[in-house]
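# Inside the fold
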Amino acid sequence: MNERLNAKILLAEDDNDMRRFLVKALQQAGFSVTSFDNGLSAYDQLRVEPFELLLTDIVMPEMDGIELARRATELDPDIKVMFITGFAAVALNPDNQAPRQAKILSKPFHLRDLVTEVQRMLAA
């Protein structure tokens, strides 16, 4: 049970402090993390490199997390998606076409919970 250690995670989060915090926690847990401060840059990276998991904020400039997740799953149907948001109701709205199997982690959350959830998703 190695939870796909070294799994590659793409993180899109426009809050700089939050992004640094998440990258550090995930790297300490043994994951390889590439991070961007907006959905468009993250999407451009997805087009050139495969990732096991997309971890994205929902509300971001240029391209929101829902749109990013939709496009990510079009590029790679196997990519796992987790939303981190202060707006869980937005993510849960069935009209927004978020990938159905996506997980939602509502802010504020403990880093321990984030890491556990990421490990669980990658092990599935």
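The sections below set out a description of the structure shown in this document. (Residues numbered from 1 in each chain as written. Predicted model: local features only at pLDDT ≥ 70, side-chain atom pairs only at ≥ 80, totals over all residues. Heavy atoms only, no water.)

## Structural notes on the sheet that holds strand E3 (residues 53-57)
Put simply, the rule is: When DSSP finds two or more bridges between two strands, those strands count as paired. Helix and strand definitions here come from DSSP, where helices need a minimum of 4 consecutive H or I residues and strands a minimum of 2 consecutive E residues; each element is numbered from the N-terminal end. Lines fitted to C-alpha atoms define the axes, with helix axes restricted to the stretch in contact, and inter-axis angles between N-to-C directions lie between 0 and 180 degrees. Note on definitions: a residue-residue contact is assigned when non-hydrogen atoms from the two residues lie within 4.5 Å.
Strand order in this open sheet of 5 strands is E2-E1-E3-E4-E5, and the pairing throughout is parallel. Here the strands that pair on one side only, and so sit at the sheet edges, are strand E2 (32-36) and strand E5 (103-106). Pairwise comparison of adjacent strand axes, ignoring direction, gives a mean angle of 20° for this sheet. Sheet topology places strand E1 (residues 8-12) next to E2; 5 bridges connect them, and they run parallel. Bridge pairing in E2 links Leu11 to Ser35. Here helix H1 (residues 16-28) sits on the sheet and contacts E1, E2, E3 and strand E4 (80-85); the angle it forms with E2, its principal contact strand, is near 170°. Across the sheet, helix H5 (residues 111-123) is in contact with E1, E3, E4 and E5; its angle to E4 comes to roughly 160°.

## Digging into the pairing of E1
Selection rule: Think of it in three bands: with a 1.4 Å probe and only protein chains considered, a residue is buried below 20% of the maximum accessible area for its type, exposed above 50%, and partly exposed in between. If the strands point away from the viewer and the path from the first strand over the helix to the second runs clockwise, then the crossover is right-handed.
Here E1 lies mainly inside the structure; 4 of its 5 residues are buried. Handedness of the crossover is the feature at issue here: the chain leaves E1, passes through H1, returns alongside E2, and the resulting connection is right-handed. Where E1 meets E3, 4 bridges bridge the pair, whose relative direction is parallel. Following the sheet pairing, Ile9 is matched in E3 by Leu53.

## Focus: the pattern of salt bridges
To be explicit about the condition: Salt bridges are defined by distance alone: a side-chain nitrogen of Lys or Arg within 4 Å of a carboxyl oxygen of Asp or Glu.
Tallied over the full model, the rule gives 9 salt bridges. Here Glu74 and Arg70 are joined by a salt bridge, their closest N and O atoms 3.4 Å apart. Of this pair, Glu74 and Arg70 both sit in helix H3 (residues 65-75), 4 residues apart, roughly one helical turn. Classification of Glu74 by relative accessible area gives exposed; the value is 58%. Given the relative accessible area of 24%, Arg70 is considered partly exposed. A salt bridge links Glu117 to Arg120; its shortest N-O distance comes to 3.0 Å. Remark: Arg120 and Glu117 occur in helix H5; sequence separation between them is 3 residues, near one turn of the helix. Glu117 gets classed as buried once you look at its relative accessible area, which sits at 14%.

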